[in-house]
Amino acid sequence: MASIKKRGKTWYVRFSKRENQWDPEKQKNVSVLKQKSKGGFKTKAEAQHMELKWKLLLFQV
């Protein structure tokens, strides 16, 4: 899931994804939240392009 917001005069993108990972200490799968963010885009279209790039990279669509 991605969110695109405006901070001041620039736009930023925050991408988050939940993954299940094995925790040997607890002996079960644990849900882990991974986040990635990038800012400084001059236009919303540039931020949306980065969002699409991350989706393709992380989900291998």
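Residues numbered from 1 in each chain as written. Predicted model: local features only at pLDDT ≥ 70, side-chain atom pairs only at ≥ 80, totals over all residues. Heavy atoms only, no water.

With respect to the sheet that holds strand S2 (residues 10-23)
Part 1 of the reasoning: With respect to topology, three strands assemble into an open sheet ordered S1-S2-S3, the strand pairing being antiparallel. The open sheet has two edge strands, strand S1 (2-7) and strand S3 (28-41), and neither has a second partner. Here the strands of the sheet are splayed against their neighbours by 25 degrees on average, with no regard to which way each runs. (Pairing = 2+ DSSP bridges. Helix = DSSP H or I, 4+ residues; strand = E, 2+ residues; numbered from the N terminus. Axes fitted to C-alpha atoms, helices over the stretch in contact; angles between N-to-C directions.)

Concerning the nonpolar core
Part 1 of the reasoning: Core analysis: the largest hydrophobic core is formed by seven residues, namely Trp11, Val13, Phe15, Phe41, Ala47, Met50 and Trp54.
Part 2 of the reasoning: Contributions of two or more residues to this core are made by S2 and helix H1 (44-59). (Core = buried A, V, L, I, M, F, W, Y, C linked by side-chain atoms within 4.5 Å. Buried < 20%, exposed > 50% of the residue type's maximum accessible area, 1.4 Å probe, protein only.)

Focus: the confidence of the model for the chain
Part 1 of the reasoning: Looking at the chain as a whole, its pLDDT mean stands at 89, while 95% of the residues score no less than 70.
Part 2 of the reasoning: When pLDDT is averaged over each helix and strand of the chain, the minimum, 88, is found for H1 and the maximum, 93, for S1. (pLDDT = per-residue confidence, 0-100.)

Focus: the pattern of salt bridges
Two side chains of opposite charge can pair, provided their charged atoms sit close to one another.
Part 1 of the reasoning: Following the criterion strictly, the structure yields three salt bridges and no others.
Part 2 of the reasoning: Between Lys34 and Glu19 there is a salt bridge, with its nearest N and O atoms 3.3 Å apart. Note that Lys34 is positioned in strand S3 and Glu19 in strand S2, a separation of 15 residues in sequence.
Part 3 of the reasoning: On the basis of relative accessibility, which here comes to 40%, the residue Lys34 falls in the partly exposed class.
Part 4 of the reasoning: A salt bridge links Glu51 to Lys55, with the shortest nitrogen-to-oxygen separation between them at 3.2 Å. Highlighted residues: Glu51 and Lys55, both in helix H1, separated by four residues, approximately one helical turn.
Part 5 of the reasoning: A relative accessible area of 32% places Lys55 in the partly exposed class.
Part 6 of the reasoning: A single salt-bridge network, built from bridges that share partners, covers Lys17, Glu19 and Lys34. (Salt bridge = Lys/Arg side-chain N within 4 Å of Asp/Glu carboxyl O.)

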